Amino acid sequence: MVRFCLLIISIQCIWHAEVKAQYSITPESQEYDYVRMLALKNADMVQPLSFFPSVGLDYELGELGWDIWGLSKAPSRFSIISPQVGFVHNSKLNRSNNNGPLWTGKGMNLYTSFGVQGRLILGRESSISYSIQPMLYYAENQDFTIPTHNLNKSDYSYPYTWSLDWVQRFGNRSFTEFQLGQSEIKLSHKFIAVALSTQNMTWGPSYQNQILMSRNAGGFPHLRVGTKAPLKTVIGQMELQGFWGRLAESDYFDEDISNDRRYFTGLVAAYRPSFAEGLTLSLHRVLYREWQDGDLVLGDVFAAFTNFSPKRDTDIGGGRVTNDFYDQLSSVAMTWKFPEVGFETYVEFAKNDFPASFQELLRQPDRQRAYSFGFLKLFDLRSGNLFRLSIETTTLSQNQISFINNSGAGGTYYIHGIVNQGYTHNGQLVGASIGPGANSNFISLDYYATGGAIGAYFQRTRYNDDYTIRTFVGDREYIAEFDVNFGVKGVKHLDKISLTADLSFTYLNNWYFDPELSTWNFSPRLQLKYRLD
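Residues numbered from 1 in each chain as written. Predicted model: local features only at pLDDT ≥ 70, side-chain atom pairs only at ≥ 80, totals over all residues. Heavy atoms only, no water.

Draft legend 1. Seen up close, the overall build of the protein. Counting secondary structure elements, the protein contains 7 helices and 29 strands. Expressed as a percentage of its 533 residues, the buried residues of the protein come to 58%. For the protein, the exposed area adds up to about 22700 Å²; of that, 60% sits on carbon and sulfur atoms. (Helix = DSSP H or I, 4+ residues; strand = E, 2+ residues; numbered from the N terminus. Buried < 20%, exposed > 50% of the residue type's maximum accessible area, 1.4 Å probe, protein only. Areas by Shrake-Rupley, 256 points an atom, 1.4 Å probe, with all protein chains shown as cover.)

Draft legend 2. Broad picture of the environment of Met-238. Counting through the fold element by element, Met-238 comes out in strand S14 (residues 236-248). According to the relative accessible area criterion, Met-238 is partly exposed, its value standing at 33%. It is 7.6 Å that separates the C-alpha atoms of Met-238 and Ala-269, two residues lying 31 residues apart in sequence. Among residues more than four places away in sequence, those in contact with Met-238 are Leu-49, Thr-227, Pro-230, Leu-231, Thr-233, Ala-270 and Tyr-271. (Contact = heavy atoms within 4.5 Å.)

Draft legend 3. Just a nonpolar patch on the surface, in detail. There is a patch of nonpolar side chains on the surface, built from Phe-78, Ile-80, Val-85, Leu-494, Ile-497, Leu-499, Leu-526, Leu-528, Tyr-530 and Leu-532 and spanning about 820 Å² of accessible area. Within the residue set of the nonpolar patch, elements represented by two or more residues are strand S4 (79-90), strand S28 (497-509) and strand S29 (519-530). The element contributing the most residues to the nonpolar patch is S29, with 3 residues. For Ile-497, the position within the fold is in strand S28. Judged by its relative accessible area of 36%, Ile-497 is partly exposed. (Patch = residues over 30% accessible without salt bridge, like charges linked within 9 Å, V, L, I, M, F, W, Y side chains within 5 Å. Salt bridge = Lys/Arg side-chain N within 4 Å of Asp/Glu carboxyl O.)

Draft legend 4. Just the pattern of salt bridges, in detail. Considering all chains together, one arrives at 12 salt bridges under this definition. Note that Arg-388 and Asp-446 form a salt bridge whose closest N and O atoms lie 3.4 Å from each other. Of this pair, Arg-388 sits in strand S22 (residues 386-395) while Asp-446 sits in strand S25 (residues 439-449), placing them 58 residues apart in sequence. According to the relative accessible area criterion, Asp-446 is buried, its value standing at 3%. Several salt bridges converge on common partners, so that one network encompasses Asp-33, Arg-388, Asp-446 and Lys-489.

Draft legend 5. Here's a closer look at the pairing of strand S26 (residues 452-463). Pairing of S25 with S26 involves 11 bridges; the strand directions are antiparallel. Within S26, the position partnered with Tyr-448 by the bridge is Ala-453. Between the end of S25 and the start of S26, which pair antiparallel, lie 2 residues. Sheet analysis places S26 next to strand S27 (residues 481-493), joined by 12 bridges and oriented antiparallel. For Ile-454, the partnering residue across the bridge sits in S27 and is Gly-490. (Pairing = 2+ DSSP bridges.)

Draft legend 6. Up close: the side chain of Gln-47. By the element assignment, Gln-47 lies in the loop between helix H2 (31-41) and strand S2 (51-53). Under the relative-accessibility criterion, Gln-47 is labelled buried at 5%. Among the polar contacts listed, one links the side chain of Gln-47 to the side chain of Lys-337, at a separation of 3.2 Å. (Polar contact = N/O pair within 3.5 Å; in protein donor to acceptor, adjacent residues only side chain to side chain.)

Draft legend 7. Just the nonpolar core, in detail. Trp-203, Phe-264, Tyr-414 and Tyr-423 are the most contacted members of the largest nonpolar core, which has 42 residues in total. Going through the elements one at a time, strand S11 (201-203), S14, strand S15 (261-273), strand S16 (279-290) and helix H7 (465-472) are the ones with two or more residues in this core. Counting 17 residues, the second-largest nonpolar core is a separate cluster that includes Ala-39, Trp-66, Trp-69 and Tyr-207. (Core = buried A, V, L, I, M, F, W, Y, C linked by side-chain atoms within 4.5 Å.)

Draft legend 8. Representation of H7 within the structure. Among the residues making up H7, those that are buried are Asp-465, Asp-466, Tyr-467, Thr-468 and Phe-472. Buried positions along H7 lie against S25 and S26. Remark: Gly-474 follows H7 within two positions and exhibits a positive phi of approximately 90°.

Here's what the structure looks like:
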């Protein structure tokens, strides 16, 4: 893939083709929220409905009515992505949330990203676009105590379940890592696009904790086939994306080299009706399973679109069957935007794994459920600047009925009894960063101006309630691991440099469910971007 990217770049330098490089944002960047806010401020902007890529080569930012940061880019033959360098320090904890390929453990972490992007016009309605934006980072990876376990997996892995490749510390020494990051090659013809990509993406309306696809782990290699941009029809706009990819095991899970990869397939379908202005309805689905040489068949290619009760079922008694060959996560969501008053509200409802039967689905639609809901409110000022208030609540823990007959152990989000690594890639969670069985509340208030932004945030998270309930059921006392995180952040745009800073404080209580272990974490972050606009 890298050689092919370099070939395209060399061709682009001599081919006088028009390029539109609209935007490319890294997952840890504060531009992520800004780009989504543009869609609320500019109702006519060509924008994704429920699939939000980091590389936006087909979502036009030009000719916007409101863009105080000036992300709009004029057409050019070749575009160099603004390089950036950054620093993150964690005083006590291994805190790394929604950073994409960047993992920030305890101690000092340094990173840089750079690259190029552009588009070759092949015809009136055809083009090849590319974005090559790798990331290089260094992690000091200082030592801290991880509880011992006898789960027959690495001592550096999450100690409270076997079936999850969630690395807490990547070995016992500092390391340097190179990732392809936000890289993609895409062929577009009319309204269809086919892409080979490692870029991060998010699915669904949530801003902080996307249940099925978040910015938490690095992007995994995948093929994407779908609409280039939402299709405009008489009845409204439609978006459809299909995904096929490879999830990798980390070096800190087990010693079995035969199970180091998993097959991933998924879909995103969204509809914005013409008769309900601002409303978007969406469906998201993920299936993943172990991937051995030669065991993929044609049915696996279409599994996300057809595999609702496949033949590879397991009899669980009582004449009921369920699919354990795949792990499945699915969700439906609704977003309603009111641009005239700067208001957006959303809700996502998710289900984990296959229902045992259709009757079981009707009887217990909330079994193994998760949900996230929130709203966004913009307060416009006469100067053209604004305040942005964001509130979001996420619940991944199971309800009471899911624990009957201890079935709750098998229904915890991102954990699966047969696919041993769970829903992870290279040791990090692909879903919400708060992790399995967790619950979170988030609130932030930000001020956006021409020269940048400044804001404050607060988040409360209680971790792995499913483990707490299974462990302490029937006891008068219980131990819950939870933290509160608060901080200030800001962006300052100078002539050629953008400076981003984030200063956060976290108080973690009952760390790793140890009632005698509570601590503070101080985490400053600083990033410099050299703007090549």
